[in-house]
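Coordinates in review
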Amino acid sequence: MDIQTCGSVPSRRANPDWFSGTVWQDPVVEAPAPARIRSAWVRFEPSARTNWHTHPLGQTLVIVSGKGRVQTWGGPVREVRAGDVVWIPPGEKHWHGAALDVAMEHLAMHEANAEGKHVDWMEKVTDADYGAPLGA
């Protein structure tokens, strides 16, 4: 058993190659083999978001606070709020981030595949795509 005490791991600024705007990450777990789970608390300032990306085994997001936006490739921009849970299937191209004027925090969880890969980062989300009207 390993107990990670609150505040014992420093927050890190998210890689600007993979995110737009100011985003902070706090690692929760990167379990050793044979487990494959990875998890992080992610805080997005207003208008901040991920690039388009996929996860080989899917991803679950638990929206902890604020209001955000999510979109799958070819789908509408959708709003998420604290308490919502989002499941993104394996290989589905998507992005997620804060609302235009409200910050958002989520717990992100995903697994690495047999080769140890857990995410494929792609192009940035354009301001036009990010700011599109919300869909159903």
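Because the structure is predicted, anything quoted here is derived from the model rather than measured.

**Some details on the pattern of salt bridges**
As enumerated under the stated definition, the model contains 7 salt bridges in all. One salt bridge connects Glu30 with Arg38, and the closest N-O pair in it is separated by 3.5 Å. Here Arg38 falls in the partly exposed class, since its relative accessible area comes to 26%. Residues Glu79 and Lys67 are paired through a salt bridge, measuring 4.0 Å at the closest nitrogen-oxygen approach. Here Lys67 lies in strand S7 (residues 59-72) and Glu79 lies in strand S8 (residues 78-81), a separation of 12 residues in the sequence. Accessibility expressed as a relative area gives 34% for Glu79, which makes it partly exposed. Overall, Lys67 belongs to the buried group, its relative accessible area being 19%. The structure contains a network of salt bridges with shared partners spanning Lys67, Glu79 and Arg81.

**A word on the UniProt feature "domain: Cupin type-2" (unreviewed entry) in the protein**
Mapped onto this numbering, the UniProt entry gives "domain: Cupin type-2" (unreviewed entry) at residues 41-105. Counting secondary structure, residues 41-105 comes out at 0% helix and 57% strand; the distance between its end C-alpha atoms is 7 Å.

**Focus: the nonpolar core**
Counting residues in hydrophobic clusters, the biggest one holds 16 residues, and the most contacted among them are Val23, Val42, Phe44 and Leu61. Beyond its immediate sequence surroundings of up to four residues, Phe44 is in contact with Phe19, Thr22, Val23, Arg49, Thr50, His96, Gly97, Ala98, Ala103, Met104 and His106. In terms of nonpolar packing, the next biggest core, distinct from the first, is built from 5 residues, Val77, Trp95, Val125 and Tyr130 among them.

**A short note on the pairing of strand S4 (residues 37-44)**
Within a regular strand, side chains alternate between the sheet's two faces. Note: strand S3 (residues 23-30) against S4, 7 bridges, orientation antiparallel. Bridging from a neighbouring strand, Asp26 pairs with Trp41 of S4. Linking S3 back to S4 in an antiparallel pair, the connection comprises 6 residues. Summarising the sheet, S4 and strand S11 (residues 104-111) pair through 8 bridges and their orientation is antiparallel. Within the sheet, the bridge partner assigned to Val42 lies in S11 and is His106.

**Points about the environment of Asp84**
Along the chain, Asp84 falls in the loop between S8 and strand S9 (85-88). Sequence-wise, Asp84 and Glu45 are 39 residues apart; in three dimensions their C-alpha atoms are separated by 18 Å. If sequence neighbours within four positions are ignored, Asp84 has contacts with Leu61, Val62, Ile63 and Glu79. Within the structure, Asp84 has its side chain in polar contact with the backbone nitrogen of Arg81 (distance 2.8 Å).

**Some remarks on unusual backbone geometry**
The general pattern is negative phi for most residues beyond glycine and trans for most peptide bonds. Geometrically, the link from Ala33 to Pro34 is a cis peptide bond, its omega value of 10 degrees lying close to zero. Relative to the elements of secondary structure, Pro34 occurs in the loop between S3 and S4. At Ser47, a position not held by glycine, the phi torsion is positive, near 70 degrees. Within the secondary structure layout, Ser47 lies in the loop between S4 and strand S5 (49-50).

Calculation rules
Residues numbered from 1 in each chain as written. Predicted model: local features only at pLDDT ≥ 70, side-chain atom pairs only at ≥ 80, totals over all residues. Heavy atoms only, no water. Salt bridge = Lys/Arg side-chain N within 4 Å of Asp/Glu carboxyl O. Buried < 20%, exposed > 50% of the residue type's maximum accessible area, 1.4 Å probe, protein only. Helix = DSSP H or I, 4+ residues; strand = E, 2+ residues; numbered from the N terminus. UniProt positions renumbered as here; feature names shortened; annotations may be inferred. Core = buried A, V, L, I, M, F, W, Y, C linked by side-chain atoms within 4.5 Å. Contact = heavy atoms within 4.5 Å. Pairing = 2+ DSSP bridges. Polar contact = N/O pair within 3.5 Å; in protein donor to acceptor, adjacent residues only side chain to side chain.

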